[in-house]
Amino acid sequence: MFLDFFYELRSRGVPVTPLEWLSFMEALVMGLAFSDLVRMYHLARALCVKSETLYDAFDQAWLSVFKGIETPLDIREEIWSWLENPVLPAGLGEKDLERFRQAVDLEELRKQFEQRLKEQDERHDGGNKWIGTGGTSPFGHSGVHPGGLRVGGHGTGGMAAQIAARRAFRNYRSDRVLDTRQIGTALRKLRRFAREGARMEVDLDETIIQTARNAGDICVIEKPERVASVKLLLLMDAGGSMEPYARLVERLFSAASKASHFKDFKAYYFHNCVYEQVFEDMSRWKGVDVEQMLKTLDGSYRLVMVGDASMAPSELLSRYGAIDYYHRNEQPGIYRLEQLNDHFERTVWLNPMRLHLWRHPTVIRIAELFPMFELTLDGLEKAMEYLAGKKTLPPDVPEGPVRYWRTDRYY
Amino acid sequence: MAKNFFIFKGTRDYIASPALCDAVNVAAALERPLLVKGEPGTGKTLLAYSIAKGLSMPLLTWHVKSTTKATDGLYVYDAVARLYDSRFGDKDVRDIRQYIELGPLGKALTADERTVLLIDEVDKADLEFPNDLLRELDEMSFYIPETGETFKAKNRPIVVITSNNEKELPDAFLRRCVFHFIEFPGKDLMERIVRVHHPDIEKKLAGQCLERFYWLRGIDSMRKRPSTSELIDWIAALLAGGVSEKVLRKELPFLGTLVKHEDDLEKVNRAMRSNHW
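Residues numbered from 1 in each chain as written. Chains lettered and ligands numbered in written order. Predicted model: local features only at pLDDT ≥ 70, side-chain atom pairs only at ≥ 80, totals over all residues. Heavy atoms only, no water.

(A) Fine view of the overall build of chain A. Looking only at helices and strands, one finds 16 helices and 11 strands in chain A. Counting over 411 residues, chain A shows a buried share of 52%. Expressed as a percentage of contacts within chain A between residues at least 6 apart in sequence, the contacts between residues at least 24 apart total 72%. For chain A, the exposed area adds up to about 19400 Å²; of that, 49% sits on carbon and sulfur atoms. (Helix = DSSP H or I, 4+ residues; strand = E, 2+ residues; numbered from the N terminus. Buried < 20%, exposed > 50% of the residue type's maximum accessible area, 1.4 Å probe, protein only. Contact = heavy atoms within 4.5 Å. Areas by Shrake-Rupley, 256 points an atom, 1.4 Å probe, with all protein chains shown as cover.)

Encoded structure:
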């Protein structure tokens, strides 16, 4: 069961590494939590979870594994049997396991533990002195605080489950909507500075150091100026179905335009799909020809498309399919999207709709073209990682029948 | 050699939740750095002061800035002073050691007793900063190439690292830390915190202050919600101004101590109107 918890955490998206898991074991072996399940809950969380956005997932995992457990004594045997034969989760090198085996002298540990337990039986004094012995091995030896051990039924296990059940950290989940600052933080993932080709400047620190090392003879060191090197192009859908997300997109725009770490930042709007023109200002229909735009912006711009990608299939696939009645597009929308995707080296599509609503014919079609991410903190970060050239993959469009959603009603 | 575990339970002027105490204790026992995050004003920085006080250990602080480099924390080699001395001074410049100034981390690693080291706002520095510290924090030792000396900590310090989430911290760094997120205190805990800072406050007034404070925090889409430390300041202002609980029912004096953005003030005013104050 103990290992179940590890896998439960992993399956809920908490990236616990085997080494972190070992630290948790180490803490248990040191006796930091044998007596008290609430304490064990705290330990597990402090050692296995490294972001408040994962606290909620942790709580859920805890609930599903430890719900019926009353005291840690109930799982003590299990911890021991695990320690005796530490099967470790996949991913842990044999080396780490070996180190763990060597570090823990089980015989000794067990003896000490039983001893403490006996002492505990004899005096229920409820003190709070922590005794630890050993400490030379990396995993520590023993050290159970005698006051806390409870032999018998009245443990605090239910309380730990209660704490988990409160799910007080639901609000910190990263798949929630974003504020400008969070967006700004996510956009910083795109930050790249280059020291190439730019003007040279005197590297004062290095000059002084080298001069001093040079016994006082002046030795001037130059280096190229540090300049931001990432250029960003943001194309945003301002169509009717985007209305519910207007504030979200607005925040994305304001965060991106305030970010000072882009060499250049350009933003345009489109209406449901991109046709001949994109717009600087949607209300005044002040347009720029896409062809012209592609001539001025070279392929090194990172392209971020923002839109729900949900439209009538004809808007995407047909000539003259544009939603605006008077607009007669000679090329179907998909042609423009392909053109954009081909022109820019790295592109992503941010969709404010949740993943389970992506079974829409045009969403599926566009997601085949652009790496599509959810416009949530998590999705945005992944998208930025992707843009920055990391091996992050967009989520798969879920299986199921194709549906035409009224997008504004299903968020 | 027997080693006693420390047990941190908060101090008289710093109230720590059980989860936070456990995180501190496990970090101290496993000798891992403790990474603390949380809303601004929830006492991340003060935690280190409280640990130092509670466990009677000396505190070393390292306030990280955007220009801070990892080696600054270990030591600074003052080449300029040495150059100056070689030309105009009368010191023996062959001894480089006198031009090595230890930084906070360096001091913590060379101290004779166990210390508490606060690395404040680690996310302010460059993205690579935490990675550059990995080895020193892991092995608790460092090497000074200028003098060829290696120092190894006799007593591994309790390292408290705070972050405001401005930058994502590298995974390798996170794996080595014990992590705790300081939750925003609920009303009960907040009342205790208020009592610690303003022991003489009337119960009714305190209640009304908290009432108003949580109402403010509940307003939708505030850019910056007021924090604990701002509440403490606000109450101090109210007490100094002799504002009574009755007044507080009708208006919000000294709002500037709680709300710092113009947009937010607007929102508060709107919310007050719609609640028919």
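Additional details are given in the paragraphs that follow.
(B) The arrangement of the side chain of Glu245(B) in detail. Residues and elements named next belong to chain B. Inspection of the secondary structure assignment puts Glu-245 in helix α11 (residues 245-250). The exposure class of Glu-245 is buried, given its relative accessible area of 16%. Among the polar contacts listed, one links the side chain of Glu-245 to the side chain of Arg-249, at a separation of 2.5 Å. With residues up to four places along the chain from it excluded, the contact list for Glu-245 reads Lys-204, Leu-205 and Gln-208. (Polar contact = N/O pair within 3.5 Å; in protein donor to acceptor, adjacent residues only side chain to side chain.)

(C) The arrangement of the environment of Tyr386(A) in detail. Residues and elements named next belong to chain A. In this structure, Tyr-386 sits in helix α16 (residues 377-387). On a C-alpha basis, the gap between Tyr-386 and Leu-190 in space is 9.2 Å, while along the polypeptide they are 196 residues apart. The residues touching Tyr-386, leaving out its near neighbours within four places in the chain, are Arg-346, Thr-347, Val-348, Pro-371, Phe-373 and Thr-392.

(D) Representation of the packing of aromatic side chains in the model. This structure, assessed with the given rule, holds 21 aromatic pairs over all chains. Measuring from ring centre to ring centre gives 5.3 Å for Phe6(A) and Trp21(A), while their planes differ by 70°; the resulting arrangement is edge-to-face. Separated by 15 residues along the polypeptide, Phe6(A) in helix α1 (residues 2-11) and Trp21(A) in helix α2 (residues 18-29) bring together distant segments of the chain. Of the two residues examined, Phe6(A) and Trp21(A), each falls in the buried class. When the centroid spacing of 6.1 Å and the interplanar angle of 50° are considered together, the rings of Phe373(A) and Tyr386(A) count as tilted. One end of the pair, Phe373(A), is in strand β11 (residues 372-374); the other, Tyr386(A), is in helix α16, and 13 residues separate them in sequence. Counting every residue linked through ring pairs, the aromatic cluster contains Phe5(A), Phe6(A), Tyr7(A), Trp21(A), Phe24(A), Tyr41(A), Phe58(A) and Trp62(A). Just above the ring of Tyr386(A) sits the side chain of Arg346(A); from NZ or CZ to the centre is 5.1 Å. Taking the ring centre of Phe184(B) as reference, the NZ or CZ of Arg217(B) above it sits at 3.3 Å. (Phe/Tyr/Trp six-rings, centres within 6.5 Å; stacked < 30°, edge-to-face > 60°. Lys NZ or Arg CZ within 6 Å of the ring centre and 35° of its normal.)

(E) Summary view of unusual backbone geometry. Residue and element names in this part refer to chain A. A positive phi angle, close to 60°, is found at Ala-309, a residue other than glycine. Within the fold, Ala-309 resides in the loop between β9 (302-306) and α13 (313-317). Residue classification places Ala-309 among the buried positions, given a relative accessible area of 0%.

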